[in-house]
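Observations on chain architecture
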Amino acid sequence: MATREEAGGLALPAFDPAPRVLVVIAPYYDGIAAGQLAGARAVLQAAGAEVEEIRVPGALEIPPAIRLAADSGRFDAYVALGCVIRGETTHYETVCEESARGITLLGIGRGLCIGNGILTCETLAQAEERADPARQDKGGGAAAAALHLAALARRFGPGPGPLRGEDEIFVAATGLSRTA
Ligand SMILES: Nc1c(NC[C@H](O)[C@H](O)[C@H](O)CO)[nH]c(=O)[nH]c1=O
Ligand SMILES: CC(=O)[C@@H](O)COP(=O)(O)O
C-alpha cells in the first residue's frame, strides 16, 4: 500500500489545489494492467489527486492519446501504464522505443508532466514482478514521477504551454529536415 514515502525515499509532493491527473493505460495484458492500476491509484490517492482514466489498444497509442488529452488543458500530469513483452519479431523494439520516445518528446517539447510506467520485459514473469504493488510497484513509481514533475511545473511555470519548437521535435522524432 502506498504511503507518502515512495521508492527512492522521496516524499510525495503536497498540492493545493489538488492535481488533476490522467492515467492512460494500454491493458495489453489484463493481469499486469490490474497491478499497475492498483499501484498508480494508491499513490494518486495518497497525494489527493483528481484522477481520470482512459484505455488505449497498445503502448504505441499512449503518446498520441496524451497529446490529444493535453489539448484540453484539463490535466496537470499524466501517468502512462502499459506492458510490452518480446515476441518473435523486432516489433518489440519498435513498440518499446517509440512509446518511450513519444513520451519523452511530449515531456521535453510540450512540457507535459508524464510518468512512464510502460514495462518492457522479456517474459511475463518479469512483468508480473514489476506490476505487483507489493513488489516493484512500477505503476506507483510512474504515478509518483508524474506528481513530482507536476509539483515542479507549479513551482517553475504556468503549466503546459503551446507546442514549442515543433521543427526541432519533428527533426528529433524523424531525423528528417522540415524542408526534406
Ligand atoms: N506487442 C505489444 C503491443 N503491440 C501493439 C502496439 O502497441 C499497437 O497497439 C499496434 O501496433 C497498433 O498501433 N502493445 C503493447 O502494449 N504490448 C505489447 O506487448
Ligand atoms: C511487442 C510486440 O509487438 C510483440 O508482442 C509482437 O509479437 P511478435 O513479435 O511475435 O509479432
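Predicted model, so just to flag it, every value in this text is computed and none were measured.

**With respect to the overall build of the chain**
Of regular secondary structure, the chain possesses 6 helices and 4 strands. Written out in order from the N terminus, the α and β elements of the chain read β-α-β-α-β-α-β-α-α-α. The proportion of buried residues among the 180 residues of the chain is 41%. Across the chain, contacts joining residues at least 24 apart in sequence account for 76% of those joining residues at least 6 apart.

**Observations regarding the UniProt feature "binding site: (2S)-2-hydroxy-3-oxobutyl phosphate" (unreviewed entry) in the chain**
Residues annotated in UniProt with the feature "binding site: (2S)-2-hydroxy-3-oxobutyl phosphate" (unreviewed entry) correspond here to Glu88, Thr89 and Arg130. Spatial dispersion of the annotated residues is evident: they stretch over 43 residues in sequence, and the largest pairwise C-alpha distance comes to 23.3 Å. Note on placement: Thr89 falls in the loop between strand S3 (77–85) and helix H3 (91–110). For Thr89, a relative accessible area of 52% translates into the label exposed. Mapped onto the fold, Arg130 is located in helix H4 (residues 124–131). Setting aside residues no more than four positions away along its own chain, Arg130 makes contact with Leu119, Cys121, Gln136, Asp137 and Lys138.

**Details of the site of ligand 2**
Val84, Ile85, Gly87, Glu88, Thr89, His91, Tyr92 and Val95 make up every residue found near ligand 2. Between ligand 2 and Thr89, the relevant distance is 2.6 Å, taken from an oxygen atom to a side-chain nitrogen or oxygen of the residue. For ligand 2, whose free accessible area comes to 320 Å², the fraction covered by protein is 72%. Those elements that place two or more of their residues in the shell around ligand 2 are S3 and H3. Top element by residues in the shell around ligand 2 is H3. It accounts for 3 residues. Classifying every residue of the shell around ligand 2 by side-chain character gives 4 nonpolar, 3 polar and 1 charged.

Reading the values: rules and limits
Residues numbered from 1 in each chain as written. Chains lettered and ligands numbered in written order. Predicted model: local features only at pLDDT ≥ 70, side-chain atom pairs only at ≥ 80, totals over all residues. Heavy atoms only, no water. Helix = DSSP H or I, 4+ residues; strand = E, 2+ residues; numbered from the N terminus. Buried < 20%, exposed > 50% of the residue type's maximum accessible area, 1.4 Å probe, protein only. Contact = heavy atoms within 4.5 Å. UniProt positions renumbered as here; feature names shortened; annotations may be inferred. Near = heavy atom within 4 Å. Polar contact = N/O pair within 3.5 Å; in protein donor to acceptor, adjacent residues only side chain to side chain. Areas by Shrake-Rupley, 256 points an atom, 1.4 Å probe, with all protein chains shown as cover. Nonpolar A, V, L, I, M, F, W, Y, C, P; charged D, E, K, R; others polar.

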